[in-house]
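Remarks on the overall topology
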Amino acid sequence: MIDNLTVSKSAAFFTVRRNLTDKTVEDLFTALRKSHGTSANNVFRHIRESQGNARWSAICFEYSTSPAFLNPASGVKERLFGYLMLVEYQGHAALFSSRLVLPTAFKSRHFSPISVSRMEGAIARENAVFQKMRMRNMSVSPHVMRNKTLEAPNLANVVGPAGSRRYAPQTYTVSVDGIYSTTTPSTGRIGVRSDKVGHDELIEFARIMIDALRVDPVDVSPFIRTFARPMSLEDALAASQPTTIAIDTARLAAAVTGDEATIRLVHVGDHVTELSTDEFSELLGQLDQALSIEGNGKLRAAKLPDSDDEVATISLNKSRIALRSLTLGMAAAVEVETCDLALGEDPDRRPLRSYLDEGDCFIVLFDDVRLSYIDGQVFRDETMLDGGASFLPYLHPDASLQTVTDEKGTFVAGQVAFDGTSTFGAIVEHIGAEDAILICDDLGDEWADFIGIKEEAGFVQVCFYHAKHDALTLSAGSFHVAVSQAIKNLGNMMFPPERMAAKMQSWNVTYNAAGQPTQIARIIRNNMGDLGATIVRARTAPDVRRRAVIVTSSLSKKGVEDAFAAIQAGQRPPHTFVQLFWLLQSFFSACTEVGASGSIVCQP
């Protein structure tokens, strides 16, 4: 019956850690049938047969399971067939399968992942034309676009380095000499667009791809080099230390509720019950936090910021970081089952921590701000080798912030202007002084503290100013609120017409501070005539420039320059600076995604 197999050329590739034997494969097939509640019903079964210098094994059998859309208590079963085929060749293995998966223990014992660099060398060759790519942002910030997918006949023509350097490629499709291939480096999966083929062609496909994977990568596509580059964990740990970990909740949510959901989350007690939608949302909220890593040994604790409560531990191994414990929120009481089996019938049900660890569903940052551990692989943003030259231009020094002592200043009855020693005053008198229109939008349905508009040489510029005051620091703490506000309101920089009537009405009153009305006009300046018409032009102008500007007295550009200089000199930055760097990079990246530019106006 194996001659009737007809499938596409798509497999997961591994290096062989411990050689397989006939008994090993026979035990594997027995375990697969047992996990699906059957001991017979084989359509075909072959154990380590030879074909040239390769060996192949395959099994296909029938099993019954409850339909996903019916309660198991109904007793209704549907008949399904699954197959799995293993090809062993030159110290590597290729896995073809449908509805059957290798047991986790078997895979961990016998196989190791193939390095991302070798996957790139096999698929992302110098002459490869990239047509589709899914990417993961290297940040752990909740404010950043975590994943994005791009598609074009040739992505190199539409994606510039500035839009890609903060992202690590996860899955991509390329064309080389008319052959279309798709790969997910983190899982070792490679597929080639082709007609469905039989087992002989699958074995030949496995040999061709393994030969390509065995070659040391040399000529990799210039396009993929514009993204974050892979490096070994061993090299990363030799030069830097992990500082922050965050669970990849986006991947977890996709695995549970996506179009191709593969798992269910359950409570285990007297009865196995599936998490409700509300419980799942609560769990995601609890897991969606960046944890600080502490310690110096192989095993390190992870704690909530500004807390002594240990909620996770990690182990720094030679080739991967392992998640050893997770007690954050309700995570310790949740287990994972496969969707392929009825509720409570998965013999391989395991704790949520184990699932996250097996799938490398977490991100780790290091005190080297260039590094990020994503999907079990360290990536380095090579643009950071410039000592901050690509980061510092986003910081604009303004001397007026040196005398600022408060964010909004003090207020008295009859006051007609903001204090000159406040951040608000600095925006009005200096930072936004060239804006023909300047409006205070603080309080109420706030889009920004100030909105500035000007036309210059036929171009329109819209600025959303977000003011902040604090003591000078290189910590992310004082920026979280401002960054959150700025990113949340990026869409409002388009001046949505359905909201403008109420917004303009709110501007035609004086500014009333908490507990103290004033005579400060909200429309501080309007040198462009009809405000409504100007708003329409700012919304529809094809060449409008939109700027999201955080104005803060808590940061000094010289302080940031000194921090980068120290990094270049070999010093490890404090974790607070690393978090600041990633938070601001997240802000700049989020602005770029919507066609705006982000910047920080700070002390010199």
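Computed from a predicted structure; not experimentally measured.

Reading across from one edge, E15-E14-E20-E21 is the order of the 4 strands in this open sheet, with antiparallel pairing throughout. On the outer flanks of this sheet lie strand E15 (272-274) and strand E21 (350-351), each paired with one strand and no other.

For the rest of this paragraph, the subject is the pairing of strand E23 (residues 371-374). If a strand is regular, its side chains alternate between the two faces of the sheet. Burial along E23 is two-sided: the residues Leu371 and Tyr373 and Ser372 and Ile374 are all buried. As defined by bridge partners, strand E22 (residues 362-366) adjoins E23 across 3 bridges and the pair is classed as antiparallel. Bridging from a neighbouring strand, Val364 pairs with Tyr373 of E23. Remark: 4 residues form the turn of the hairpin made by E22 and E23, two consecutive strands paired antiparallel. Strand direction decides the pairing type here: E23 and strand E24 (residues 377-380), joined by 4 bridges, are antiparallel. Across the sheet, residue Tyr373 finds its bridge partner in E24, namely Val378.

Further remarks concern the pattern of salt bridges. Applying the stated criterion across every chain yields a total of 24 salt bridges. Between Glu204 and Arg207 there is a salt bridge, with its nearest N and O atoms 2.7 Å apart. Of the two residues, Glu204 and Arg207 are both situated in helix H4 (residues 199-213); the distance of 3 residues between them amounts to about one turn of the helix. With relative accessibility at 35%, the residue Glu204 sits in the partly exposed group. Across the salt bridge formed by Glu335 and Arg349, the nearest N and O atoms sit 3.1 Å from each other.

Another aspect to go through is empty space enclosed by the protein. Inspection of every chain in the model, using the stated rule, returns 3 cavities of 30 Å³ or more. Approximately 90 Å³ is the volume found for the largest cavity. Lining the largest cavity are Val116, Glu120, Pro169, Gln170, Tyr172, Pro185, Ser186, Ile224, Ile374, Asp375, Gln377 and Phe379. Those elements that place two or more of their residues in the lining of the largest cavity are helix H3 (116-123), strand E9 (167-176) and E24. Top element by residues in the lining of the largest cavity is E9. It accounts for 3 residues.

This part covers the side chain of His36. Its location among the elements puts His36 in the loop between helix H1 (22-35) and strand E2 (42-51). Within polar-contact distance, the side chain of His36 engages the side chain of Ser35 at 3.1 Å.

Counted according to the given criterion, the structure contains 22 aromatic pairs. Their ring planes at 75° and their centres at 5.2 Å tell us that Phe418 and Phe424 sit as a pair that is edge-to-face. Each member of the aromatic cluster is reached from another via a ring pair, and the members are Phe391, Tyr394, Phe564, Phe581, Phe587 and Phe588. Looking at Arg193, its charged tip hangs above the ring of Tyr180, at a distance of 4.0 Å from the centre.

A separate point is the packing of H3 against H4. Packing of H3 against H4 leaves a shortest axis separation of 8 Å and a crossing angle of 120°. Regarding H3 and H4, the two cross each other, and that crossing is right-handed. Between H3 and H4, the contacting residues are Arg118, Met119, Ala122 and Ile123 on the first element and Met209, Ala212 and Leu213 on the second. Counted by class, the contact of H3 with H4 contains 6 nonpolar, no polar and 1 charged residues.

Bringing the packing of helix H6 (residues 249-257) against helix H7 (residues 277-287) into the picture now. Working note: a packed helix pair is described by the angle between its axes plus the distance between those axes. Look at H6 against H7: their axes get within 10 Å of each other, and the N-to-C directions meet at 160°. Classed by the angle they form, the pair H6 and H7 counts as roughly antiparallel. Judged by the sense of rotation from one axis to the other, the crossing of H6 with H7 is right-handed. Where H6 approaches H7, its residues Thr249, Leu252, Ala253, Val256 and Thr257 are matched on the opposing element by Phe280, Leu284 and Leu287.

Quick look at the nonpolar core now. Counting 60 residues, the largest nonpolar core has Phe479, Phe495, Phe587 and Ile600 as the members making the most contacts within it. Take this core: its biggest share by element is 11 residues, from helix H14 (residues 575-593). Dropping the residues within four chain positions of it, Phe587 is found in contact with Val483, Ala486, Ile487, Ala548, Ile550, Gly598, Ser599 and Ile600. Core analysis: the second largest hydrophobic core is formed by 46 residues, Ala11, Phe44, Ile123 and Phe227 among them.

Time to look at a nonpolar patch on the surface. Together, Phe69, Leu70 and Val76 make up a nonpolar patch on the protein surface, roughly 300 Å² of accessible area in all. With respect to the helices and strands, the residue Phe69 is situated in the loop between strand E3 (54-65) and strand E4 (78-89). Judged by relative accessible area, Phe69 falls into the exposed class, the value being 71%.

Time to look at unusual backbone geometry. Positive phi, close to 70°, is recorded for Arg99, a residue that is not glycine. As for its placement among the helices and strands, Arg99 is situated in the loop between strand E5 (92-98) and helix H2 (104-110). For Asp177, which is not glycine, the phi torsion reads 55° and is therefore positive. Residue position: Asp177 is located in the loop between E9 and strand E10 (179-184).

Another aspect to go through is H7. Taken together, the buried positions of H7 are occupied by Phe280, Leu283, Leu284, Gln286 and Leu287. End-on view of H7: buried residues confined to an arc of 160°, all on one side of the axis. Projecting away from the buried face of H7 at angles above 90 degrees are the exposed residues Thr277 and Asp278. Of the surrounding secondary structure, the elements contacted by the buried residues of H7 are strand E13 (242-247), H6, strand E14 (263-268), strand E19 (321-326) and helix H8 (352-358).

Those residues of helix H12 (residues 531-540) lying buried are Leu531, Thr534, Ile535 and Ala538. All buried residues of H12 project into a common sector of 100° when viewed along the axis, lining one side. Check the buried side of H12 and you find it contacts strand E26 (437-440), strand E27 (450-456), strand E28 (459-468), helix H11 (497-507), strand E31 (523-526) and strand E32 (545-556). The backbone nitrogen of Gly532 lies 2.9 Å from a side-chain oxygen of the residue at the head of H12, namely Asp530.

Conventions we followed
Residues numbered from 1 in each chain as written. Predicted model: local features only at pLDDT ≥ 70, side-chain atom pairs only at ≥ 80, totals over all residues. Heavy atoms only, no water. Pairing = 2+ DSSP bridges. Helix = DSSP H or I, 4+ residues; strand = E, 2+ residues; numbered from the N terminus. Buried < 20%, exposed > 50% of the residue type's maximum accessible area, 1.4 Å probe, protein only. Salt bridge = Lys/Arg side-chain N within 4 Å of Asp/Glu carboxyl O. 1 Å grid on protein atoms, 1.4 Å probe; cavity = no way out; pocket = protein on both sides within 12 Å on 5 of 7 lines; lining within 4 Å. Points joined across faces, edges and corners; volume = space filled by probe spheres on them. Polar contact = N/O pair within 3.5 Å; in protein donor to acceptor, adjacent residues only side chain to side chain. Phe/Tyr/Trp six-rings, centres within 6.5 Å; stacked < 30°, edge-to-face > 60°. Lys NZ or Arg CZ within 6 Å of the ring centre and 35° of its normal. Axes fitted to C-alpha atoms, helices over the stretch in contact; angles between N-to-C directions. Left-handed = near helix turned anticlockwise from the far one by under 90°. Contact = heavy atoms within 4.5 Å. Nonpolar A, V, L, I, M, F, W, Y, C, P; charged D, E, K, R; others polar. Parallel < 35°, antiparallel > 145°, perpendicular 65-115°, else oblique. Core = buried A, V, L, I, M, F, W, Y, C linked by side-chain atoms within 4.5 Å. Patch = residues over 30% accessible without salt bridge, like charges linked within 9 Å, V, L, I, M, F, W, Y side chains within 5 Å. Areas by Shrake-Rupley, 256 points an atom, 1.4 Å probe, with all protein chains shown as cover. Arc of directions from axis to C-beta.

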